Amino acid sequence: MVLDIHEGTRDRQRIARDLGATLDLASQAAPADVGRLHRRLVDRVQRLSRHVSALHEVHEPWGLTPFGVQAALLGIPAAARTKARLPAPERLDSEAAQVVRDEIREFAHLGGFTLRPYSTAWYGALLRIAADAHQARELAGTLDSETLPMLAHKVEAARTETGLGRRQDYAEQAGLMRLYAAIGQTLRTFDSAVYASSPRSLATATGDGGGLGLLERRRLRAQARALALGKPSWEELHAALEAAASELAEWQRLSEGEPSLPRLPSGYGTLVSLHAEAERQLAAPR
């Protein structure tokens, strides 16, 4: 019960009057439904008891209580949390959980959680099980000690034979192999003299003409047709001559010393097979 004595206790009659009015109101109030309140109280007490019991119930096979798990989770800083979840948690008994914990710690110690695309060539490798890692290690060893050194040796011999500049790494070696392959394709369409016959002019003549006079265009088209090994269409001739012109320009860019004309090195078939094997090994699932 609250009495308003903000103005002090000097007006005792007012205080008595207010107290009497409050007592009259209290006597007129309907009695509380104690039975309903008691039932609600019993229900809430039972719910709370079940909740407390469930919180401290030990769950197998982990040997942990929900209360213990919640307490452990509260101690994990936000920066250390992850959305990753382990599958089949029912298989993680206390012993298995300890094994997983030790392996995760070892993984972290080895830098597994700090891998970035720029930090290692193995970033993104699909190594799910030990057998995958073993196979990848063997393949990397084969590439490092056999395939790539052998390819580099063969490419070095080929580029020396054909008078081209040194290729420093695999990317440049693969680029030279693509150039050789393009030259091989051209030489299946034209006589090798095509490179000495200004293929860019021939391509212009077999295309839109590029401002060439009628007689000059006819002469160049006849020359292009004479250099062809088969009977390709004008569209095919034009595309092949454009490719030959690009190959000639790239060859001259890579030439070492006196410029020469594009050609294939001796033993080119073996070189192609070795390069294909290197590409296959590098593209192996990882």
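Keep in mind that this is a model prediction, so the values were computed, not measured. (Residues numbered from 1 in each chain as written. Predicted model: local features only at pLDDT ≥ 70, side-chain atom pairs only at ≥ 80, totals over all residues. Heavy atoms only, no water.)

A.B. asks: Can you lay out the overall build of the chain for me, pointing to particular residues and giving the numbers?
C.D. replies: Counting secondary structure elements, the chain contains ten helices and zero strands. The order of α-helices and β-strands along the chain, N terminus first, is α-α-α-α-α-α-α-α-α-α. Rg of the C-alpha trace for the chain: 43 Å, well past the compact-globule value of 19 Å for 286 residues, more than 25% over. For the chain, the spread of C-alpha atoms along the principal axes amounts to about 130 × 55 × 35 Å. Expressed as a percentage of its 286 residues, the buried residues of the chain come to 22%. When the accessible surface of the chain is totalled, it reaches about 20,400 Å², and 58% of it is carbon and sulfur. Here the chain carries 36 positive and 35 negative side-chain charges, and the mean point of each set is 5 Å from the other. (Helix = DSSP H or I, 4+ residues; strand = E, 2+ residues; numbered from the N terminus. Rg over C-alpha atoms; globule rule 2.2 N^0.38 Å. Buried < 20%, exposed > 50% of the residue type's maximum accessible area, 1.4 Å probe, protein only. Areas by Shrake-Rupley, 256 points an atom, 1.4 Å probe, with all protein chains shown as cover. Lys, Arg positive; Asp, Glu negative; His and termini not counted. Charge placed at Lys NZ, Arg CZ, Asp CG, Glu CD.)

A.B. asks: Give a detailed account of the layout of surface pockets, specifying residues and quantitative values.
C.D. replies: One simple way to see leftover space: roll a probe sized like a water molecule over the atoms. Considered as a void within the structure, the largest pocket measures approximately 1,300 Å³ in volume. Among the elements of the structure, α3 (66-74) and α4 (94-109) are those that each provide at least two residues to the lining of the largest pocket. When residues in the lining of the largest pocket are grouped by element, the largest group, seven residues, is from α4. Of the residues contributing to the lining of the largest pocket, the split by class is 16 nonpolar, three polar and five charged. (1 Å grid on protein atoms, 1.4 Å probe; cavity = no way out; pocket = protein on both sides within 12 Å on 5 of 7 lines; lining within 4 Å. Points joined across faces, edges and corners; volume = space filled by probe spheres on them. Nonpolar A, V, L, I, M, F, W, Y, C, P; charged D, E, K, R; others polar.)

A.B. asks: Describe α4, with residues and values.
C.D. replies: End to end, α4 covers 22 Å across 16 residues, agreeing with the expected 22 Å (1.5 Å per residue, within 8%). Just downstream of α4 lies G111, where phi reads positive at about 90°. (Expected span 1.5 Å × (residues − 1).)

A.B. asks: Explain the nonpolar core to me, using residue names and the numbers behind them.
C.D. replies: Ranked by size, the top nonpolar core spans 30 residues in total, and within it L176, Y180, F190, L241 and L271 carry the most contacts. When residues of this core are traced back to their parent elements, those giving at least two are α5 (130-161), α6 (170-187), α7 (199-206), α8 (214-227), α9 (234-254) and α10 (268-282). A total of seven residues in this core trace back to one element, the largest contributor, which is α9. Leaving out residues up to four positions away in the same chain, L241 has contacts with F190, V194, P199, L202, A203, T206 and A224. (Core = buried A, V, L, I, M, F, W, Y, C linked by side-chain atoms within 4.5 Å. Contact = heavy atoms within 4.5 Å.)

A.B. asks: For the pattern of salt bridges, give the residues involved together with the corresponding values.
C.D. replies: Enumeration according to the criterion identifies nine salt bridges in this entry. For D43, the salt bridge is made with R47, and the minimal N-O distance between the two is 3.1 Å. Of the two residues, D43 and R47 both sit in helix α2 (residues 34-55), four residues apart, roughly one turn of that helix. Of the charged contacts in the structure, one is a salt bridge between E277 and R280, with a shortest N-O distance of 2.6 Å. With E277 and R280 both in helix α10 and three residues apart, the pair spans about one turn of that helix. (Salt bridge = Lys/Arg side-chain N within 4 Å of Asp/Glu carboxyl O.)

A.B. asks: Any details on unusual backbone geometry? Residues and values, ideally.
C.D. replies: Going from E60 to P61, the amide bond is cis rather than trans, its omega being 10°. On the secondary structure map, P61 appears in the loop between α2 and α3. We note that S198 has phi near 55°; this positive angle belongs to a residue other than glycine. Following the sequence through the fold, S198 ends up in the loop between α6 and α7. Taking relative accessible area as the criterion, S198 reaches 36% and is therefore assigned partly exposed.

A.B. asks: Describe α10, listing the residues and the values that go with them.
C.D. replies: Under the 1.5 Å per step criterion, the end-to-end length of α10 is 21 Å for 15 residues, consistent within 8% with the ideal 21 Å. Along α10, the residues that are buried comprise Y268, L271, L274, H275, A278 and Q281. The buried side chains of α10 occupy one side of the element, clustering within an arc of 150° when seen end-on. In this structure, the buried side of α10 is in contact with α5 and α6. (Arc of directions from axis to C-beta.)

A.B. asks: Describe the packing of aromatic side chains, and please don't skip the residues or the numbers.
C.D. replies: Summed over the entire model, instances satisfying the criterion amount to three aromatic pairs. Taking 6.1 Å as the distance between ring centres and 75° as the angle between the ring planes, the aromatic pair formed by Y180 and Y268 counts as edge-to-face. In this pair, Y180 is assigned in helix α6 and Y268 in helix α10, connecting sequence segments 88 residues apart. Y180 gets classed as buried once you look at its relative accessible area, which sits at 0%. (Phe/Tyr/Trp six-rings, centres within 6.5 Å; stacked < 30°, edge-to-face > 60°.)

A.B. asks: How would you summarise a nonpolar patch on the surface if you had to cite specific residues and measurements?
C.D. replies: Together, W62, L64, V69, L73 and I76 give the surface a local cluster of nonpolar side chains, amounting to about 390 Å² of exposed area. Examined against the element boundaries, W62 turns out to sit in the loop between α2 and α3. (Patch = residues over 30% accessible without salt bridge, like charges linked within 9 Å, V, L, I, M, F, W, Y side chains within 5 Å.)

A.B. asks: Describe the confidence of the model for the chain, naming the residues involved and giving the relevant values.
C.D. replies: Summary statistics for the chain give a mean pLDDT of 87 and a share of 96% for residues scoring 70 or more. Within the chain, helix α1 (residues 12-28) has the poorest average pLDDT of any element, 81, and α6 the best, 94. (pLDDT = per-residue confidence, 0-100.)

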